[in-house]
Amino acid sequence: MKPEVILHSFGYLTRAAGATIAVSFAGIVLGFAIGSAICAARVSRRPWLRRAGAVYVSVFRGVPLLVQLLFIYYFLAEYGIDVPAIVAAVGALALSSAAYQAEILRGALNAVPRGQGEAATALGFSGLDIWRRILMPQALRISTPPLISEFILLLKASSLVSVVGIAELTRVSMNIASETYRPLEAYLAGGLFYLAINLCLAALGALAERRLGAPGAR
Amino acid sequence: MIELAKVMKSFGAHPVLRGVDLSVQRSEVVCLIGPSGSGKSTLLRCVNFLEPYDSGEIRIDGRLIGYEDKRDGTRGRMRTRTLREMRREIGMVFQHFNLWPHMTALGNVAEPLRRVRGLAMREAADRAMAMLTRVGLAAKAGAYPSRLSGGQQQRVAIARALAMQPRLMLFDEPTSALDPELVGEVLEVMKSLAAEGMTMLVVTHEMGFAAHVAGRIAFIDEGRIIDEGPPAHVFHESAEPRVRQFLQTYHDRNAF
Amino acid sequence: MSLFWHYAPSLLSGFGVTILCWAAGGALGLMLGFAIALIRRLRLAPVNGLIRVFIEIFRGTPFLVQLFLLYAGGPSIGLRLSATAAGILGLALYSSAYFAEIFRAGFAAVPAGQIEAAVSVGMAPIDTMMRVMLPGALIAAVPSIVNMLIILSKETVVLSIITVPELMYQVQTMAAETFTAFDAIFGMAVFYWLLVEVVSRAGARIEARVTAYLAHQGAPA
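Note that the coordinates shown come from a computational prediction; the quantities given were computed from them, not determined experimentally.

Novice: Got a sec to walk through the overall build of chain B? Specific residues and values, please.
Specialist: Regarding its fold elements, chain B presents nine helices and 12 strands. The C-alpha atoms of chain B give a radius of gyration of 19 Å, which matches the 18 Å a tight globule of 256 residues would have. Each of the three principal axes of chain B carries a C-alpha extent, and together these read 60 × 55 × 35 Å. Contacts spanning at least 24 positions in sequence make up 62% of the contacts within chain B whose residues lie at least 6 apart. A total of about 11500 Å² of accessible surface is found on chain B, and carbon and sulfur atoms cover 48% of it. Side chains of chain B carry 34 positive and 30 negative charges; the gap between the two charge centres is 7 Å.

So this is what it looks like as structure tokens:
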């Protein structure tokens, strides 16, 4: 075992860690936007929207991420759209995460006590105002811890985008392994970086859980 | 002011209101009492159409709520906008307060003024403050509901409903969720409202309140009003066996 | 379509490998996870520390990296595994960390009152464990176990990256040889979607059955 390998590639790995975080962050943010829309569809009064939302969640949770990723990659190639691999990567992560985030948001909405919406209705609030001022603020608070968990999951899932060539942690570990002929050290290094990032995120998540018992939230 | 005629409602196959007739005059305080499952809360919630009723009529100041007579003579659902307008004139206080936890006491009272009455922030805050003072909670204006006792929360809820300057107030078991020592402060506020001439329809278990403040009491059981009249009549002179039985268990449990 | 028939044998073999890896990995993972959960209850500080590290590592790093470590990094410490063996071991270790936590939550979900009742009636610890603790823990754990097994079935496609000849690998080989990448991947997606839907529904029914059975078993004698 030669730890010097890890030290020499430290800079390389740090940049790759940055790429991993960036790709995952883009994925989760875009996933939130899409996921909110899917969630809205799921709770809509129109049956066809509810169906569409349910199908989306079923498909994007049922198909393995690797398959989704390659599908988008080849889909774009098939129709001659020349996009950089990064777009396929972030797109796949976002579309997949959106399905999980939609369910998290839906659960959070259900967790808001019914009575609050009723009080607003009895006072004559419009549906939109009830959504904006009463339901959403609380749903967002409730969903923050599970969303952070989802971010951690997405970060791990991002290792798959190495197959389309993105220079993130896993890909870089593979490169180091083949350049130095020391796969054990290379992958250990990559693993340690992932671990470090995830431990920080987990600490953030624990902080969020504690803080959200603050004034106002249940 | 409130007219209920032959109101019926079922939850699926289960009938809850089987033809209720009741009227509440302006500035009258009417208390609805009865055993659990009698339909009294459901009836109250039909008055502001929080629960839709299936047939019969509920009129507020002569105006039918929840439904409109269409041009072809049939009855259709009232437009949401019209319903919302009617609800602005009806105040409701819930058993579990239903304060919004992410807003302060002042925020809770001011929010409907801003969103529904369209007042500007400054004006809404001023009016909200006045209402909180009215219920004795000016000092707690900046507190979040989680920091308030049950009695305080309920008083904020009353202030929130009052701030809208409703023509009548509905109370759904306002003190049932409170610890005994906190019940008094809420009843005091309700008494002062009654003294000012507010029209009130109150579902309650507080017989003392009903006996002293109500102008009329209606006893409801199995979806029908069995007996009604001034407190003296219902409490002491009722000929209905179910009423006497209900009041008997109440006396037994509360005499010490 | 005739292409499909030509490749049917290899696709079928791939599917077989997928099932093998999933079943073997899942079974091993369940056993290992359960063992870890039991050992944890002995409350031996150094052992628990090691267990904690184990779980953090296998839940805090991507599955793919774990696979690479086993398959490519293994030889450096004398561990020469075939791709499939590495795949199964990888699935087992990965899932065991999650199952250990699932069983832990299961044990925690048994109301303390039930244990107190058994103790106060004079039940021996082993009986308390077998008749009160375990049934209760397993009932609580079943939904999470089913869920994890479904997740594991999806993770098997990652095995293709280390050249395990499972379904995804065969599909990609076929796609490369016949230039039908898009159709192949689309077929794969549909196949997996249906598989997961069916398994999820079956899982839900099994869940209900097992819960009812265990609840009956664990009922006060």
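Novice: How would you summarise the overall build of chain C if you had to cite specific residues and measurements?
Specialist: On a plain count of helices and strands, chain C comes out with eight helices and zero strands. Scanning chain C from its N terminus toward the C terminus, one meets helices and strands in the order α-α-α-α-α-α-α-α. The principal-axis extents of the C-alpha atoms in chain C amount to approximately 70 × 45 × 20 Å. The proportion of buried residues among the 221 residues of chain C is 42%. Within chain C, contacts between residues separated by at least 24 positions form 74% of all contacts whose residues are at least 6 apart in sequence. Of the roughly 11300 Å² of accessible surface on chain C, 71% is carried by carbon and sulfur atoms.

Novice: Hey, could you go over the interface of chain A and chain C for me, with residue numbers and the actual values?
Specialist: Each partner contributes to the interface: chain A provides 31 residues, whereas chain C provides 32 residues. The contact between chain A and chain C buries some 2800 Å² in all, and 79% of this surface belongs to carbon and sulfur atoms. At the junction of chain A and chain C, the tally comes to zero salt bridges. The interface formed by chain A and chain C includes seven residue pairs in polar contact (both at pLDDT 80 or more). Going through the elements one at a time, α3 (47-62), α4 (65-78), α8 (169-180) and α9 (183-211) of chain A are the ones with two or more residues in the side of chain A that touches chain C. Counting residues per element, the side of chain A that touches chain C draws most heavily on α9 of chain A, which supplies nine residues.

Novice: Explain the pairing of strand β11 (residues 216-221) of chain B to me, and be specific about the residues and the numbers.
Specialist: All names here are of chain B. With six of six residues buried, β11 lies mostly within the body of the structure. Side chains R216, A218 and I220 project from β11 onto one buried face, and the interleaved I217, F219 and D221 project onto a second face that is buried too. By the bridge criterion, four bridges tie strand β3 (residues 29-33) to β11 in an arrangement that is parallel. For C31, the partnering residue across the bridge sits in β11 and is I217. Both β11 and strand β12 (residues 224-229) contribute to a ladder of five bridges, which runs antiparallel.

Novice: Please give an account of the interface of chain A and chain B that cites residues and values.
Specialist: Facing the 21 residues of chain A at the interface are 24 residues of chain B. When the two sides are added together, the surface that chain A and chain B hide from each other amounts to roughly 2000 Å², 60% of it contributed by carbon and sulfur. By the criterion of area lost to chain B, the three top residues of chain A are A122, L123 and R133 of chain A, representing 29% of everything that side buries. Note that E118 of chain A and R45 of chain B form a salt bridge whose closest N and O atoms lie 2.7 Å from each other. Put simply, chain A and chain B have six residue pairs in polar contact (both at pLDDT 80 or more) between them. Elements with a contribution of two residues or more to the side of chain A that touches chain B: α6 (114-123) and α7 (127-157) of chain A. For the side of chain A that touches chain B, the element with the most residues is α6 of chain A, which contributes eight residues.

Novice: Quick one: what's the story with the packing of aromatic side chains, residue by residue and with numbers?
Specialist: What the rule picks out here adds up to 16 aromatic pairs over all chains. Relative to Y67 of chain B, the ring of F49 of chain B lies with its centre 5.4 Å away and its plane at 85°, an arrangement referred to as edge-to-face. Residue F49 of chain B is found in the loop between α1 (40-47) and β4 (55-60), and its partner Y67 of chain B is found in strand β6 (residues 67-69); the two are separated by 18 residues along the sequence. One exposure class covers both F49 of chain B and Y67 of chain B, and it is buried. With 5.2 Å between their ring centres and 85° between their planes, Y53 of chain B and Y67 of chain B make a pair best called edge-to-face. With Y53 of chain B in the loop between α1 and β4 and Y67 of chain B in strand β6, this pair connects stretches of sequence that are 14 residues apart. One exposure class covers both Y53 of chain B and Y67 of chain B, and it is buried. Here the aromatic residues F49, Y53 and Y67 of chain B are joined through ring pairs into a cluster of three or more. In this arrangement the basic side chain of R160 of chain B is found over the ring face of W100 of chain B, its NZ or CZ atom lying 4.3 Å from the centre. The ring of F107 of chain C is capped by R41 of chain C, whose NZ or CZ atom sits 4.7 Å from the centre of that ring.

Novice: Lay out the sheet that holds strand β5 (residues 63-64) of chain B in plain terms, naming residues and giving numbers.
Specialist: Across the sheet, four strands lie side by side as β2-β1-β4-β5 (chain B); this open sheet has antiparallel pairing. The open sheet has two edge strands, β2 (14-24) and β5 of chain B, and neither has a second partner.

Novice: Break down the sheet that holds strand β8 (residues 90-93) of chain B for me, citing the residues and quoting the values.
Specialist: All names here are of chain B. In space, the six strands of this open sheet follow the order β8-β9-β10-β3-β11-β12, with mixed pairing throughout. Two strands bound the open sheet, and with one partner strand each, they are β8 and β12. Between one strand axis and the next, the sheet turns through 15° on average, direction left out of account.

Novice: Hey, could you go over unusual backbone geometry for me, with residue numbers and the actual values?
Specialist: All names here are of chain B. The phi dihedral of F49 falls on the positive side, at around 60°, and the residue is not glycine. A residue is classified by how much of its surface remains accessible, and F49, at 6% relative accessible area, is buried. Phi at D61 is positive, roughly 50°, even though this residue is not glycine. By the element assignment, D61 lies in the loop between β4 and β5.

Novice: Tell me about the packing of helix α3 (residues 105-115) of chain B against helix α4 (residues 121-134) of chain B, residues and numbers included.
Specialist: Residues and elements named next belong to chain B. Between α3 and α4, the shortest axis-to-axis distance is 8 Å and the interhelical angle comes to 125°. If you check the angle between α3 and α4, you find them oblique. For α3 against α4, the interelement crossing comes out right-handed. Taken together, the residues of α4 that come into contact with α3 (itself represented by A105, L106, V109, A110, L113 and R114) are M121, A124, A125, R127, A128, M129, M131 and L132. Here the contact of α3 with α4 is built from residues that sort into 12 nonpolar, no polar and two charged.

Novice: Can you tell me about the nonpolar core, naming the residues and giving the values?
Specialist: Counting 101 residues, the largest nonpolar core has I158, M169, M200 and L201 of chain B as its most contacted members. Residue contributions to this core peak at eight residues, all from helix α6 (residues 180-195) of chain B. Leaving out residues up to four positions away in the same chain, I158 of chain B has contacts with V93, M169, F171, V186, V189, M190 and L193 of chain B. Listed in part, the 88 residues of the second largest apolar core include L66, A88 and V90 of chain A together with A141 of chain C.

Novice: Please give an account of the arrangement of the chains that cites residues and values.
Specialist: Considering every one of the two pairs of chains in contact, the largest contact total is recorded for chains A and C. With respect to C-alpha atoms, chain B approaches chain C no nearer than 27 Å, and the pair has no contact.

Novice: Before we move on, could you go through the pattern of salt bridges and cite the residues and values that matter?
Specialist: Residues and elements named next belong to chain B. Tallying each qualifying case throughout the model produces 25 salt bridges over all chains. In this structure, R216 and E28 form a salt bridge, with 2.7 Å as the shortest nitrogen-oxygen distance. Here R216, found in strand β11, pairs with E28, found in the loop between β2 and β3; they are 188 residues apart in sequence, far enough to count as distant. Assessed through its relative accessible area of 15%, E28 is described here as buried.

The rules we used
- Residues numbered from 1 in each chain as written.
- Chains lettered and ligands numbered in written order.
- Predicted model: local features only at pLDDT ≥ 70, side-chain atom pairs only at ≥ 80, totals over all residues.
- Heavy atoms only, no water.
- Helix = DSSP H or I, 4+ residues; strand = E, 2+ residues; numbered from the N terminus.
- Rg over C-alpha atoms; globule rule 2.2 N^0.38 Å.
- Contact = heavy atoms within 4.5 Å.
- Areas by Shrake-Rupley, 256 points an atom, 1.4 Å probe, with all protein chains shown as cover.
- Lys, Arg positive; Asp, Glu negative; His and termini not counted.
- Charge placed at Lys NZ, Arg CZ, Asp CG, Glu CD.
- Buried < 20%, exposed > 50% of the residue type's maximum accessible area, 1.4 Å probe, protein only.
- Buried area = accessible area lost by both parts, 1.4 Å probe.
- Salt bridge = Lys/Arg side-chain N within 4 Å of Asp/Glu carboxyl O.
- Polar contact = N/O pair within 3.5 Å; in protein donor to acceptor, adjacent residues only side chain to side chain.
- Pairing = 2+ DSSP bridges.
- Phe/Tyr/Trp six-rings, centres within 6.5 Å; stacked < 30°, edge-to-face > 60°.
- Lys NZ or Arg CZ within 6 Å of the ring centre and 35° of its normal.
- Axes fitted to C-alpha atoms, helices over the stretch in contact; angles between N-to-C directions.
- Parallel < 35°, antiparallel > 145°, perpendicular 65-115°, else oblique.
- Left-handed = near helix turned anticlockwise from the far one by under 90°.
- Nonpolar A, V, L, I, M, F, W, Y, C, P; charged D, E, K, R; others polar.
- Core = buried A, V, L, I, M, F, W, Y, C linked by side-chain atoms within 4.5 Å.

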